[in-house]
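# Architecture at a glance
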Amino acid sequence: MSLYDEGHTVAGWTGVAIATVGTSVAGVGVCAVSGVLVGAGLVVVALSALVTWALHLSGWGKPPGVRPRAEWGMRVRDPEARAGHPACVGCRLAGRGRVAVPAPTVVGDGTGMEVRGAELVGGGTRADVGRGAA
């Protein structure tokens, strides 16, 4: 057994099962040369992504990263799913777990020009900013 949580959750297994059905239907459509079956299979695959996302947001998924061993079970719900996970793309798409982005820095270099996002080189009141050392 692995030392790490492999992400075996209700959301993960449900999504994989639905996607497997969808790819099977699409595969049969390719073999039968049926555009309708291929399209239906691709719709089911897209549906699997939405179902997995909904289950993750309702707490049946897992946050990114490693969970404690006590939370590895399939029946363990994620109590922090309502607030969103900070590094989770799915939570950010749902408007949860937003990470505060710092405002860009504005530094004056003594010439009346402002340099955004730059770091001071050398420090002090007459520091070089973005011009390189003279």
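Residues numbered from 1 in each chain as written. Predicted model: local features only at pLDDT ≥ 70, side-chain atom pairs only at ≥ 80, totals over all residues. Heavy atoms only, no water.

### Thoughts on helix α1 (residues 10-31)
Rules: Helix numbering and strand numbering both begin at the N terminus, where a helix is a DSSP run of H or I of at least 4 residues and a strand a DSSP run of E of at least 2. How far a helix is expected to stretch is found by multiplying one less than its residue total by 1.5 Å. Three exposure classes are used, based on accessible area relative to the maximum for each residue type with a 1.4 Å probe and protein chains only: buried under 20%, partly exposed in between, and exposed over 50%. An arc is given here, and it is the one of the directions from the helix axis to the C-beta atoms. Whether two residues touch is decided by their heavy atoms; if any such pair falls within 4.5 Å, the residues are in contact.
The terminal C-alpha atoms of α1 lie 32 Å apart, and with 22 residues this matches the ideal 32 Å at 1.5 Å per residue to within 8%. Restricting attention to buried positions, one finds in α1 the residues A11, G15, G22, A26 and G29. Looking straight down α1, one finds its buried side chains confined to an arc of 50 degrees; they lie on one side. Check the buried side of α1 and you find it contacts α2 (35-60). One or two residues past the end of α1 sits V33, with phi positive at roughly 50 degrees.

### Let's talk about a nonpolar patch on the surface
Worth spelling out the cut-off: Only residues above 30% relative accessible area that lack a salt bridge enter a patch, with like-charged residues linked at up to 9 Å and the nonpolar side chains Val, Leu, Ile, Met, Phe, Trp and Tyr linked at up to 5 Å. Accessible areas in this description were obtained via Shrake-Rupley with a 1.4 Å probe; residue shielding takes into account the shown protein chains only. Salt bridges are identified by distance alone: a Lys or Arg side-chain nitrogen within 4 Å of an Asp or Glu carboxyl oxygen.
Taken together, the side chains of L50, W53, V89 and L93 present a nonpolar region at the surface, about 420 Å² in accessible area. Of all elements in the fold, only α2 and α3 (89-93) reach the threshold of two or more residues within the nonpolar patch. Within the element layout of this structure, L50 appears in helix α2.

### What to know about the packing of α1 against α2
Helix packing geometry: the angle between the two helix axes and the distance between the axes. Spelled out, the test is: To get an axis, a line is fitted to the C-alpha atoms, and for a helix only the part in contact is used. The angle between two axes follows their N-to-C directions and goes from 0 to 180 degrees. For classification purposes, angles smaller than 35 degrees are called roughly parallel, those larger than 145 roughly antiparallel, those between 65 and 115 roughly perpendicular, and all remaining angles oblique. Residues are sorted three ways: Asp, Glu, Lys and Arg are charged, Ala, Val, Leu, Ile, Met, Phe, Trp, Tyr, Cys and Pro are nonpolar, and all the rest, Gly among them, are polar.
Taken N-terminus to C-terminus, the directions of α1 and α2 make an angle of 175 degrees; their axes are 7 Å apart at the nearest point. Put simply, α1 runs roughly antiparallel to α2. Here the residues of the contact of α1 with α2 are counted per class, giving 16 nonpolar, nine polar and no charged.

### Notes on the UniProt feature "transmembrane region" (unreviewed entry) in the protein chain
Selection rule: UniProt positions are given in the numbering used here, feature names are shortened, and annotations may be inferred rather than shown by experiment.
Sequence positions flagged by UniProt for "transmembrane region" (unreviewed entry) are, in local numbering, residues 12-30 and 36-57. The distance from the first to the last C-alpha atom of residues 12-30 is 27 Å, and the span holds 100% helix and 0% strand. Measuring from the first to the last C-alpha atom of residues 36-57 gives 32 Å, for a span that is 100% helix and 0% strand.

### Section: the environment of A87
By the element assignment, A87 lies in the loop between α2 and α3. Given the relative accessible area of 58%, A87 is considered exposed. As for A87 and G65, which are separated by 22 residues in sequence, their C-alpha atoms are 9.1 Å apart. Those residues in contact with A87 that sit more than four places away from it in its chain are P64 and R92.

### Quick notes on the environment of S48
Defined as follows: Two N or O atoms form a polar contact when they lie within 3.5 Å of each other; inside protein one atom must be a possible hydrogen donor and the other a possible acceptor, and for residues adjacent in sequence the pair counts only when both atoms belong to side chains.
Residue placement: S48 occurs in helix α2. Residue S48 is classed as buried on the basis of its relative accessible area of 5%. With 33 residues separating them in the primary sequence, S48 and G15 have C-alpha atoms 4.9 Å apart. Excluding residues that lie within four positions of it along the chain, S48 makes contacts with G15, I18 and A19. In terms of polar contacts, S48 uses its side chain to reach the backbone carbonyl oxygen of V45, at 2.5 Å.

### Quick look at the confidence of the model for the protein chain
For clarity, the threshold we go by: You can read pLDDT as the predictor saying how much it trusts each residue, on a scale of 0 to 100.
Confidence in the prediction for the protein chain averages 78 pLDDT; 67% of positions are at 70 or higher. Summarising per-element confidence for the protein chain, the mean pLDDT is lowest in strand β2 (residues 114-116) (53) and highest in α1 (96).

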